[in-house]
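# Descriptive analysis of the structure
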Amino acid sequence: MKHPMRSSFVVVALVGAATGLAACGDDDKGGGATATATAVAEVQQTSIPTTPPAKVDPKKASWASKFCVALAPGNKDITPPNMQGTSPADTQASIVTFFTTVSDQQQLQLKAIDQVGAPPGSRAKRDWRKADGRLEDINKTIEGLVTDVKAQDAKTPEDVQKLVTQLGKTLKEFGTYGGVVADLASSKSLGDAIKADPGCKSLL
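What you are looking at is a predicted structure, and each value in this text was computed from that prediction instead of being measured. (Residues numbered from 1 in each chain as written. Predicted model: local features only at pLDDT ≥ 70, side-chain atom pairs only at ≥ 80, totals over all residues. Heavy atoms only, no water.)

Locating A64 in the fold gives a position in helix α3 (residues 58–71). Considered as a pair, A64 and L184 are 120 residues apart in the sequence and their alpha carbons are 9.6 Å apart. Other than its neighbours up to four places away in sequence, A64 contacts A193, I194, D197 and C200. (Helix = DSSP H or I, 4+ residues; strand = E, 2+ residues; numbered from the N terminus. Contact = heavy atoms within 4.5 Å.)

Take the packing of aromatic side chains next. The full count for this structure, using the stated rule, is 2 aromatic pairs. Residues W63 and F67 carry aromatic rings whose centres are separated by 4.6 Å and whose planes lie at 15° to one another, so their mutual orientation is stacked. You can see W63 and its partner F67 sitting in helix α3, 4 residues apart, about one turn around the helix. Residue W63 shares its accessibility class with F67, and that shared class is buried. (Phe/Tyr/Trp six-rings, centres within 6.5 Å; stacked < 30°, edge-to-face > 60°. Buried < 20%, exposed > 50% of the residue type's maximum accessible area, 1.4 Å probe, protein only.)

Attention shifts here to the confidence of the model for the chain. Summary statistics for the chain give a mean pLDDT of 80 and a share of 74% for residues scoring 70 or more. In this model residues 19–50 is a low-confidence stretch, pLDDT under 50, and it forms 52 contacts with partners more than four residues away in sequence or in other chains. (pLDDT = per-residue confidence, 0-100.)

A few words on the state of the cysteines. Per the counting criterion, the structure on display carries 1 disulfide. Between the sulfur atoms of C68 and its disulfide mate C200 the distance is 2.0 Å. Judged by the sign of its S-S torsion, about 100°, the cystine formed by C68 and C200 is right-handed. With C68 in helix α3 and C200 in helix α9 (residues 198–201), the pair connects residues that are 132 residues apart, well separated along the chain. The burial state of C68 is the same as that of C200; both residues are buried. (Disulfide = S-S within 2.5 Å.)

What follows covers the environment of L190. Relative to the helices and strands, L190 is located in the loop between α7 (180–185) and α8 (191–196). Classification of L190 by relative accessible area gives buried; the value is 0%. Considered as a pair, L190 and K125 are 65 residues apart in the sequence and their alpha carbons are 9.4 Å apart. Every residue in contact with L190, bar those within four places of it in the chain, is listed here: K60, W63, P119, A124 and L184.

Here it is, written out as structure tokens:
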């Protein structure tokens, strides 16, 4: 069961995966993997109004357009990890691949943010730095998880359950994260420009 998802929403998905797997228990006889795959596929996107405002600062509108064009390559769909692998080791490897892909896309986003540069306006700059810093912190967490998951030796379904549950605990604080574009769309300084731009809307 494979469903693509945006890298912006993988944190929520993985928290759901951990919750779904832990809830199934040891006596589920295979149902745990199915429930977890379903949980991973159910990505909860942040609801953000996209109705264009009456007026948008032209300088901010221009910046938002360039920003979202630059960010698009780092917002491609990602296939969730296969929680029904032929063996625990295969499932572990799928989780590693998943996190590695997420980290790579986040790195592309961070580079794009630096390349485009800060938006016009002092308040907008503060919101931009805050959103950039949040993405960077989450990326560091994801990179750490790649290392941690690689170091595990999953030999049984119980090992996989323990691994995913631990991942969920680590990611819980980021469970509502919708991505850097969503963060800026929610800001007072750049929200109007982000929500009015067609390219940005496609990333929300």
